[in-house]
Amino acid sequence: MNTLVFNLLFVRFMNKCYLLINKFLHLFEVMRVSEREKNVYLTFDDGPEEEITDYVLDVLSKYNFKATFFCKGCNVDKYSNILLRINKEGHAVGNHTYSHLNGFDTTTKDYLSDVEKADAILRSKLFRPPFGVLRLSQFLFLKCNNYHIVHWSLDSGDSLLDAFDLTSCLKRIKIKTRKGDVVLFHCCKRHEKETKALLPLYLEWLADNGYNAKILK
């Protein structure tokens, strides 16, 4: 076995180990909220960005729904006025790192520095790791520093890009929605088309079926 093949196999093995550890760590993260009422927890990643975040806020306002926005610090630096609107309208804000780093591909030191850089702007102990992944060392640091690590129980599918199909995504999330679900959406340019197509239809369905949307705390 040559060195290149060995290295490739080793990388694959380590990636599988990281994924298995990450699945275990989800047991200690917020996946869903215990609810007696018909409440769900809408979350929006990767913003704020021009137009799309304002669109999301407008649609939420139509139904008097509240949501939690996991913001990239670099975007907040560019669009601080949109963050002000998010706060003013009663939504919650969470940390999504400053630079949208993948925990698996980043040293723990660099990752945590990036989290703290975003925290200096956002001042929130709600945290969602980009791509939903963390190394064990990153996870332990965040927990020891009182971060509430938030995953999700229901992925809207608005980040599927070319694989996105509005009809199938909407049907799936309608069937799977339950009380206390933490629902993943995005509010960034990359997924703008998909979010704009799916979000208003889903919110209309929630309202018609007696659901309310609340912020995470």
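Anyway, here's the lowdown on the structure attached to this text. A quick note: this is a predicted structure, and the numbers were derived from the prediction, not measured.

**Side note on the pattern of salt bridges**
Logical step 1: The final tally for this structure, using the stated rule, is 9 salt bridges.
Logical step 2: One salt bridge in this structure joins Asp58 and Arg85, with 2.5 Å as the shortest N-O distance. With a gap of 27 residues between them, Asp58 in helix 2 (residues 52-62) and Arg85 in helix 4 (residues 80-88) connect regions that are remote in the sequence.
Logical step 3: Here the residues in one salt-bridge network are Glu51, Lys189, Glu192 and Lys196, joined through shared partners.

**Re the side chain of Thr97**
Logical step 1: Assignment of secondary structure puts Thr97 in the loop between strand 3 (92-95) and helix 5 (108-122).
Logical step 2: You can call Thr97 buried: its relative accessible area is 0%.
Logical step 3: Reaching out from Thr97, the side chain makes a polar contact with the backbone nitrogen of His100 at a distance of 2.8 Å.
Logical step 4: Residues contacting Thr97, with those up to four places away along its chain left out, are Cys71, Lys72, Gly73, Tyr111, Asp114, Val115, Ala118, Phe127 and Pro130.

**Describing the nonpolar core**
Logical step 1: Judged by nonpolar contacts, the single largest core of 37 residues is most densely connected at Leu42, Phe44, Leu60, Phe69, Tyr202, Leu203 and Leu206.
Logical step 2: Per element, the largest residue contribution to this core is 6 residues, and it comes from helix 8 (residues 192-208).
Logical step 3: Not counting the four nearest positions on each side in its chain, Leu203 is found in contact with Leu42, Val59, Leu60, Tyr63 and Phe65.
Logical step 4: Leu25, Phe127, Tyr147 and Ile149 belong to the second-largest nonpolar core, a separate cluster that totals 10 residues.

**Quick look at the packing of aromatic side chains**
Logical step 1: Following the criterion strictly, the structure yields 8 aromatic pairs and no others.
Logical step 2: A centroid spacing of 6.5 Å and a plane angle of 85 degrees characterise the contact between Tyr111 and Phe127, whose relative ring orientation is edge-to-face. Remark: Phe127 occurs in strand 4 (residues 126-127) and Tyr111 occurs in helix 5; sequence separation between them is 16 residues.
Logical step 3: What makes Tyr111 buried here is its relative accessible area of 0%.
Logical step 4: Among the residues examined, Phe127 registers a relative accessible area of 0% and is labelled buried.
Logical step 5: Note on Trp205 and Tyr211: the rings are 5.9 Å apart at their centroids and 25 degrees apart in plane angle, and the pair reads as stacked. A single burial state applies to Trp205 and to Tyr211, both of which are buried.
Logical step 6: Through pairs of rings, three or more aromatic residues link up here, namely Phe44, Phe69, Phe185, Tyr202, Trp205 and Tyr211.
Logical step 7: Sitting over the ring of Tyr211, Lys38 keeps its end group 4.6 Å from the ring centre.
Logical step 8: Lying over the aromatic face of Tyr55, Lys196 brings its terminal NZ or CZ to 5.3 Å of the ring centre.

What counts, and where the lines are drawn
- Residues numbered from 1 in each chain as written.
- Predicted model: local features only at pLDDT ≥ 70, side-chain atom pairs only at ≥ 80, totals over all residues.
- Heavy atoms only, no water.
- Salt bridge = Lys/Arg side-chain N within 4 Å of Asp/Glu carboxyl O.
- Helix = DSSP H or I, 4+ residues; strand = E, 2+ residues; numbered from the N terminus.
- Buried < 20%, exposed > 50% of the residue type's maximum accessible area, 1.4 Å probe, protein only.
- Polar contact = N/O pair within 3.5 Å; in protein donor to acceptor, adjacent residues only side chain to side chain.
- Contact = heavy atoms within 4.5 Å.
- Core = buried A, V, L, I, M, F, W, Y, C linked by side-chain atoms within 4.5 Å.
- Phe/Tyr/Trp six-rings, centres within 6.5 Å; stacked < 30°, edge-to-face > 60°.
- Lys NZ or Arg CZ within 6 Å of the ring centre and 35° of its normal.

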